[in-house]
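# Structure assessment
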Amino acid sequence: MAVYLDNAATTRPCEPAVSAVFQNMVEDYGNPSSLHAVGLKAEQNITEARKAIAAALVCDPQCVTFTSGATECNNTAIFGAAKNYGKRKKKIVVSAIEHPSVAEPIKYLEEKEGFEVVRIKPSRNGEIAVEDFIDAVDDNTCLVSCMLVNNETGSIQPVRKIFSYVKRNFPECITHCDAVQGFMKIPMKSAELFADIIVVSGHKVHAVKGVGAMYIRKGIRVAPLIMGGGQEKNLRSGTESVPLIAGFGAAVRALMPTMSVAHSNAEEISEYLLKKLAKLEYITVNSTAENKSPYITNFSVKGIRSEIMLHFLESKEVYVSSGSACSKGAHSSVLTAMGIPDKLADSAIRVSIGRTTTKGEIDVLVNAIQEGYQTLAKTK
Ligand code: PMP
């Protein structure tokens, strides 16, 4: 039996999402901009999905914009905010452990557009200190960006504390939060985060790949990346992918009510995993943040490179990840920023559990790791 433990990379679409995608492909296939009934139906389906995402973020549906995914949302947010708010204020403060879809646009602004970028490093356990952000943000800062849950270690960042300070002291500074790994996993209300922009992704919450959404607080002006027919209130032109958007809405509607039950289950599974790993002297756990998502656990297997262990586990039909799926085996900038030595970073494994993960599956994983270590350590 295959054991899928790579839910931070992507999740299996849930049945309501798949049915909604199907329905919007074969029945409600109109263009939401068309003025006739078929178009209207498609538009209504988008409206319903928008309401579902807004309810989950506790915000007005008017504040929700759909895009092709969190990567596009992050790019739009960063370039779009920099364009409107970064004409005179040329400083950006960002955590050093962001996903590449945040880190790369900001690097571009630094290298090509003359922005000064301050990157706030986490402590060894992966947590960012609020004071470090407070020290760095000043009158010249146009954008502050900090993710909610780190995708490699599961550390939860003190976004609310950082952003509430920023908005109190520098109300014109834009606060942006990549909440992809926190959405529908930990409680999150848009107003309580003090974020001007919040980014989420469909395929991490049992919807289909290729759809994301961003909350943009009323009054915040983000310039569009993609121009054309003016869809999504001019912020994201192009005919909406109604099936994917409807599927996203259906997944959120179906799973949001059980978020806290799922969280309790994830906590139990995560504790079970950590207890089992603690018995193996060749394992070092890298996810040591006090405030941590139970869905993600990162650890290193002494002397065995990540890819080697990953492929051994794969041969046992156990699917995990080395660091983040997006970095495709490249050196983890997150673990490096945490000050984790290269040797440990090179042997890091990320286990990301899902809503249906069982203790039995964790047993299969840990047995496979033990077997892998014994086999691979010998051949070194
Ligand atoms: N941010 C984070 C924290 C992520 O984990 C991911 C997915 N790896 C993304 C952004 C990008 O999301 P998408 O695949 O929807 O572009």
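As shown above, the structure is provided for reference.
About the thresholds
- Residues numbered from 1 in each chain as written.
- Predicted model: local features only at pLDDT ≥ 70, side-chain atom pairs only at ≥ 80, totals over all residues.
- Heavy atoms only, no water.
- Pairing = 2+ DSSP bridges.
- Helix = DSSP H or I, 4+ residues; strand = E, 2+ residues; numbered from the N terminus.
- Axes fitted to C-alpha atoms, helices over the stretch in contact; angles between N-to-C directions.
- Contact = heavy atoms within 4.5 Å.
- Core = buried A, V, L, I, M, F, W, Y, C linked by side-chain atoms within 4.5 Å.
- Buried < 20%, exposed > 50% of the residue type's maximum accessible area, 1.4 Å probe, protein only.
- Parallel < 35°, antiparallel > 145°, perpendicular 65-115°, else oblique.
- Left-handed = near helix turned anticlockwise from the far one by under 90°.
- Near = heavy atom within 4 Å.
- Polar contact = N/O pair within 3.5 Å; in protein donor to acceptor, adjacent residues only side chain to side chain.
- Areas by Shrake-Rupley, 256 points an atom, 1.4 Å probe, with all protein chains shown as cover.
- Nonpolar A, V, L, I, M, F, W, Y, C, P; charged D, E, K, R; others polar.
- Phe/Tyr/Trp six-rings, centres within 6.5 Å; stacked < 30°, edge-to-face > 60°.

## Looking at the sheet that holds strand 10 (residues 296-301)
Within a sheet, neighbouring strands are paired by backbone hydrogen bonds and run either parallel or antiparallel to one another. Read from one edge to the other, the open sheet built from three strands follows the order 9-10-12, with strand pairing classed as antiparallel. A strand with exactly one partner marks an edge of an open sheet, and here the two such strands are strand 9 (283-285) and strand 12 (348-352). Across this sheet, the average inter-strand angle for adjacent strands is 30°, counted without regard to direction. Where strand 9 lies against strand 10, three bridges are found, and the strand directions are antiparallel. Bridge pairing in strand 10 links isoleucine 283 to valine 301. Strands in contact with helix 9 (residues 259-278) are strand 9, strand 10 and strand 12; relative to strand 10, the strand with the most contacts, it is inclined by about 10°.

## Some remarks on the sheet that holds strand 3 (residues 91-95)
Pairing in this open sheet of seven strands is mixed, and the strands run 2-8-7-6-5-3-4 from one edge to the other. Because the sheet does not close on itself, it has two edges, and the strands there are strand 2 (64-67) and strand 4 (116-120). If you compare each strand with its neighbour and ignore which way they point, the axes differ by 20° on average. Where strand 3 and strand 5 (residues 141-145) come together, four bridges link them in parallel fashion.

## So, the nonpolar core
Residues Leu57, Phe66, Val144, Leu148, Phe183, Ile198 and Phe248 are the most contacted members of the largest nonpolar core, which totals 65 residues. Counting residues per element, this core draws most heavily on helix 2 (residues 37-57), at eight residues. When residues no more than four places from it in sequence are discounted, the contact partners of valine 144 are Val93, Phe133, Val137, Ile162, Phe163, Val166, Cys173, Ile174, Thr175 and His176. Core analysis: the second largest hydrophobic core is formed by 30 residues, Ala262, Leu313, Leu365 and Val366 among them.

## What to know about the packing of helix 3 (residues 70-85) against helix 4 (residues 100-112)
Helix 4 packs onto helix 3 with a crossing angle of 30° between their chain directions and a minimal axis gap of 8 Å. By the angle class used here, helix 3 and helix 4 are roughly parallel. As helix 3 packs across helix 4, the resulting crossing turns out to be right-handed. Counted together, Thr71, Asn74, Asn75, Ile78, Phe79 and Ala82 of helix 3 and Ser101, Val102, Pro105, Ile106, Tyr108 and Leu109 of helix 4 form the full contact between these two elements.

## Comments concerning the site of the ligand
Taken together, 15 residues are adjacent to the ligand, and Thr71, Asp178, Ser201, His203 and Lys204 come closest. At 2.9 Å from an oxygen atom of the ligand is found a main-chain nitrogen or oxygen belonging to alanine 70. Take histidine 203: an N or O atom from its side chain is 2.8 Å from an oxygen atom of the ligand. Coverage of the ligand by the protein amounts to 89% of the 400 Å² it exposes when considered alone. If one sorts the elements of the shell around the ligand by residue count, helix 3 sits on top with three residues. A per-class count over the shell around the ligand returns four nonpolar, nine polar and two charged.

## Side note on the environment of valine 364
Its place among the elements puts valine 364 in helix 13 (residues 359-378). For valine 364 and lysine 218, which are 146 residues apart along the polypeptide, the C-alpha to C-alpha distance reads 48 Å. Setting aside residues no more than four positions away along its own chain, valine 364 makes contact with Val3 and Val318.

## Re the packing of aromatic side chains
Throughout the structure, instances matching the rule amount to five aromatic pairs. Ring centres of phenylalanine 79 and tyrosine 108 lie 5.7 Å apart, and the angle between their planes is 90°; on these two criteria the pair is classed as edge-to-face. Pair noted here: phenylalanine 79 is in helix 3 and tyrosine 108 is in helix 4, with a separation of 29 residues, a long-range link. For tyrosine 108, a relative accessible area of 40% puts it in the partly exposed group.

## A closer look at unusual backbone geometry
Notably, histidine 206 is not glycine yet its phi reads approximately 70°, a positive angle. The topology assignment puts histidine 206 in the loop between strand 7 (197-201) and strand 8 (212-216). According to the relative accessible area criterion, histidine 206 is buried, its value standing at 15%. A positive phi is found at asparagine 234, a non-glycine position, where the angle reads about 70°. Looking at the element boundaries, asparagine 234 is found in the loop between strand 8 and helix 8 (242-255).

Fair warning: the whole summary comes from geometry, so function is off the table for now.
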